[in-house]
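Structure at a glance
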Amino acid sequence: MTMAKKIKVAIGLSGGVDSSVAAYLLKQQGYEVIGLHLKLHDGIDPLHSRACCSLDSSLDARLVAHQLDIPFYVINLKESFQQYVIDPFVEQYQAGRTPNPCIECNKFIKFGAFLEKARQLGCDKLATGHYATIYQQNGRYRIKQAKDSAKDQTYMLYGLTQDQLAHIIMPLGDIDSKDTVRRIAMELDLTAATAQDSQDICFVPDDDHVAFLKQNVGSFEPGNFILDDQVIGQHSGIEHFTIGQRKGLGVSWPEPLYVTRLEAQDRTVQLGRAGDVFGKNLSGSQINLIYEDLAPGDTREVNAKIRYAQKAVPAKLIMDDNGSFRVYFKEDVRAITPGQSVVFYLDDDLYGGGIIESKLS
Amino acid sequence: MKTIYMDYSATTPMKPEVIEVMTDAFKHHYGNASSIHHIGQEAKVLLQQAREQVAQLIGAEAREIFFTAGGTESDNWAIQIALETKPGKHIITTNVEHHAVLHPLEALEKKGYRVTYLPVDEYGMVTPEQVEEAIEEDTILISVMYINNEIGSINPVEQIAEVAAKHGILFHTDGVQALGNTPIDMSTNKISMMSMSSHKIYGPKGVGALYIRKGVRTVPLIHGGAQERKVRAGTENIPGILGFAKAAELAGASLDQHIEKLSRLRDKLRDGIMNNISDAKYNGHPVLRHPGNVNICFKYIEGESLLLLLDMKGICASSGSACTSGSLDPSHVLMNIGLTHEIAHGSLRLTLGDFTTEQDVDTVIEEIKPIVERLREMSPLTE
């Protein structure tokens, strides 16, 4: 590909294989590429972690940039990350909800403060190693699921605005599989090619969010376990639990029990039996639509999922006022969890999504 | 793209003469200075000559120079000497010291020592009177940096040394930025100990020295051998020390011209920036100042973005101390001279050196204006 004037693109280099190969692809396509590594927190001991933002990874990213012969800088967004991701993460758990910090991070940090920084540095676009495809149709930027559906990351991207999308490139969307990415990395002998995938919440050490929360809030307030309106035991804080949880409850009962509801006000944890964990309908807030705009009262038949690693199932979306909405699934879904996101699809297209507020009967 | 290096206070490139001396040492003078055979003895002689060269630069005697692995070790060692040789629990310093002094002292506070961090004036300086007032019965050490690494102000260390001597207290100064940038004469002052670093004066990294005035009782920080008159163990880094000595010799030979040339370029750079860009604040003392230091805060912008954009133009600068980059917290030096968080964020340190040319200065003056303007246009702080 040739370009009259080179378009300057900033690529977020994590140090992992995906963003490294994405940077390479951009360079191949003729862009002027600058590598930026995000420093978001310093909570994790780099020797004991493979999470995406450790000290190790900044070094990996630096080596990759060196190999690709592109300028490289570390961008410090710790303050913003604390304010927009970590603080709300803690508050959500305290409110009896189960947050998804990656979605907030994409919205406010990776494609918010970071994009702003890239533009300050004179870059026209920001690129990432996400597996998703951005394309333009009918005057709108839309997002298609990646060719490799196993790696599809559109679930985390529903919060992006049209203005953000206008400045984002995701070069890995057209790659058929992660294996291809690994192969390219191997062929280029990229230092990062052997690095493992990052999957955990990057700022929570050892994937132990309870320990992390405890460290941040000091101590949890204990409360009662409730089953069939009866107190059947004590728990040491609602922060320990999420909807649908069965293990680690610390109550002995003749039949398996599941968390069905968390009450922040009186600190109670409602328990139920296997069947009580399923539901068909939910209400949500903060809807963001990528595919098209809808007005209050509009309805759409979509496929929807309420967890990242889940298959989308048919559902009806009904728009209400002020970003609130309802979803009626055609079949039962397990563990509708306030604070998590419900994400909509139309065939391969990411339609939009929002935050789950409550299960509707 | 041409590289314009304006970060001499972080480190300097080595001079060709230094590289030559070191290359020769690597090739031929591989002896261990403690060995009995002739190769070892040869190294021992060179080591002693090097000690004399470094001593000469600061008007000291060779036996007052102790080689270390650099400025940070020297700072730590000076503090250790006070701890182990003086009875008492109180130390006086300033709130704009380098972290190589601040952090060891903070660690001592946890062990029961009391530390007075003297507040500095708007230029980052303290007065001898301030120091004297802070002295307590059990003060064992006064440590005040010679030249501030971020804003370049020169403290009245000779007068402070007088005060310390009057009260019989050890006086240490971190002289890392001062060495080779201001005349220092230990034969006419009362400084007890001074930290020095080779790589700030066009010598190699990993070498430094602690000046310890004769008569000051000395104990080792690093134990394990009889080197450096039994107070600094470890086989001497002969090539590094010889390089340091050569750099010291060169610095001594041209100190006046070095100061004169740099001061002129520094003031040209300052004027070129300050006269062309509004809402900028020049930090540090206007006259009592490191000859190559320019430190300016640009309102409404972040220093980090400014640095990256300058780098993309080939210009190497810093926002303050290289030792704290990667942290977004504004510099403790800028905060302690009374700047607000917002203003301190937009700081830029340009430090000039012997390889800086008039044209480099012109280029930086020209490049910096549009970058600052562009960042201000995009800044949420300007509205």
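Thresholds, definitions, all that
- Residues numbered from 1 in each chain as written.
- Chains lettered and ligands numbered in written order.
- Predicted model: local features only at pLDDT ≥ 70, side-chain atom pairs only at ≥ 80, totals over all residues.
- Heavy atoms only, no water.
- Helix = DSSP H or I, 4+ residues; strand = E, 2+ residues; numbered from the N terminus.
- Rg over C-alpha atoms; globule rule 2.2 N^0.38 Å.
- Buried < 20%, exposed > 50% of the residue type's maximum accessible area, 1.4 Å probe, protein only.
- Pairing = 2+ DSSP bridges.
- Axes fitted to C-alpha atoms, helices over the stretch in contact; angles between N-to-C directions.
- 1 Å grid on protein atoms, 1.4 Å probe; cavity = no way out; pocket = protein on both sides within 12 Å on 5 of 7 lines; lining within 4 Å.
- Points joined across faces, edges and corners; volume = space filled by probe spheres on them.
- Nonpolar A, V, L, I, M, F, W, Y, C, P; charged D, E, K, R; others polar.
- Domains from an automatic or database assignment.
- Patch = residues over 30% accessible without salt bridge, like charges linked within 9 Å, V, L, I, M, F, W, Y side chains within 5 Å.
- Areas by Shrake-Rupley, 256 points an atom, 1.4 Å probe, with all protein chains shown as cover.
- Salt bridge = Lys/Arg side-chain N within 4 Å of Asp/Glu carboxyl O.
- Lys, Arg positive; Asp, Glu negative; His and termini not counted.
- Charge placed at Lys NZ, Arg CZ, Asp CG, Glu CD.
- Parallel < 35°, antiparallel > 145°, perpendicular 65-115°, else oblique.
- Contact = heavy atoms within 4.5 Å.
- Buried area = accessible area lost by both parts, 1.4 Å probe.
- Polar contact = N/O pair within 3.5 Å; in protein donor to acceptor, adjacent residues only side chain to side chain.
- pLDDT = per-residue confidence, 0-100.

Points about the overall build of chain B
A count of helices and strands for chain B gives 13 helices and twelve strands. For 383 residues, the compact-globule estimate of 2.2 N^0.38 gives 21 Å, and the C-alpha radius of gyration of chain B, at 21 Å, lies within 12% of that figure. Seen through its C-alpha atoms, chain B measures out along the principal axes to roughly 70 × 55 × 35 Å. Taken across its 383 residues, chain B has 58% of its residues classed as buried.

A few points about the sheet that holds strand β8 (residues 223–227) of chain A
All names here are of chain A. One open sheet holds the four strands; their spatial order is β9-β8-β11-β10, and the pairing between them is mixed. Each edge of the open sheet carries a strand with a single partner, namely β9 (230–235) and β10 (258–263). Geometrically, the sheet is characterised by an average inter-axis angle of 30° between neighbouring strands, direction not taken into account. Judged from the three bridges that link them, β8 and strand β11 (residues 268–272) form a sheet pairing that is parallel. Within β11, the residue paired with F225 across the bridge is V269.

Some thoughts on empty space enclosed by the protein
All names here are of chain B. One pass over the structure, following the stated rule, counts one cavity of 30 Å³ or more. The computed volume of the largest cavity comes to approximately 140 Å³. The wall of the largest cavity is formed by 20 residues, among which G180, N181, K200, Y202 and H258 lie closest to the centre. Top element by residues in the lining of the largest cavity is helix α9 (residues 255–274). It accounts for three residues. Class assignment for the residues of the lining of the largest cavity results in nine nonpolar, eight polar and three charged. Shared between two domains, the lining of the largest cavity holds at least three residues of each, these being domain 1 (4–12 + 254–378) and domain 2 (16–253).

Looking at the environment of K27(B)
Within the element layout of this structure, K27(B) appears in helix α1 (residues 16–28). Each C-alpha atom of the pair K27(B) and G59(B) lies 31 Å from the other, and the pair is 32 residues apart in sequence.

Concerning a negative patch on the surface
A cluster of like negative charges, contributed by D200(A), D206(A), D207(A) and D208(A), occupies part of the molecular surface. Counting through the fold element by element, D208(A) comes out in the loop between α6 (178–188) and α7 (209–217).

Regarding the packing of helix α3 (residues 78–94) of chain A against helix α4 (residues 101–120) of chain A
Residues and elements named next belong to chain A. Close contact between α3 and α4 brings their axes to 10 Å; oriented N to C, the two are set at 170°. In terms of their interaxial angle, α3 and α4 are classed as roughly antiparallel. Here S80, F81, Y84, V85 and F89 of α3 come into contact with α4, specifically with P101, E104, C105, F108, I109 and A113. Here the contact of α3 with α4 is built from residues that sort into nine nonpolar, one polar and one charged.

Quick word on the interface of chain A and chain B
Taken together, the contacts link 13 residues of chain A with 13 residues of chain B. With both chains or domains summed, chain A and chain B bury close to 1300 Å², and 51% of this area falls on carbon and sulfur atoms. At the junction of chain A and chain B, the tally comes to two salt bridges. On the surface where chain A and chain B come into contact, there are eight residue pairs in polar contact (both at pLDDT 80 or more). When contributions to the side of chain A that touches chain B are tallied by element, the ones reaching two or more residues are β2 (32–39), β3 (72–76) and α4 of chain A. Looking at the side of chain A that touches chain B residue by residue, the class counts come to five nonpolar, three polar and five charged.

Here we look at the confidence of the model for chain B
Atom-level detail of predicted coordinates should not be read off regions where pLDDT is low. On average, residues of chain B carry a pLDDT of 95, and 96% of them reach 70 or more. Interface confidence for the predicted complex, given as ipTM, is 0.77, next to a pTM of 0.85.

Quick look at the domain arrangement of chain B
Residue and element names in this part refer to chain B. Its domain assignment divides chain B into domain 1 (4–12 + 254–378) and domain 2 (16–253). For domain 1 and domain 2, the distance between their C-alpha centres works out to 27 Å. Taken residue by residue, the interface counts 35 residues in domain 1 and 35 residues in domain 2. In total, domain 1 and domain 2 occlude about 2800 Å² of area from one another, counting both sides; carbon and sulfur atoms represent 53% of this. The largest share of the area that domain 1 buries against domain 2 comes from T12, L255 and H290, three residues that together contribute 20% of it. The tally of links from domain 1 across to domain 2 stands at zero salt bridges. Across the domain 1-domain 2 interface, the total number found is 25 residue pairs in polar contact (both at pLDDT 80 or more). Elements represented by at least two residues in the side of domain 1 that touches domain 2 include exactly α9, β10 (293–298) and α11 (332–336). By residue number, the principal contributor to the side of domain 1 that touches domain 2 is α9, which donates five residues. Class assignment for the residues of the side of domain 1 that touches domain 2 results in 13 nonpolar, 19 polar and three charged.

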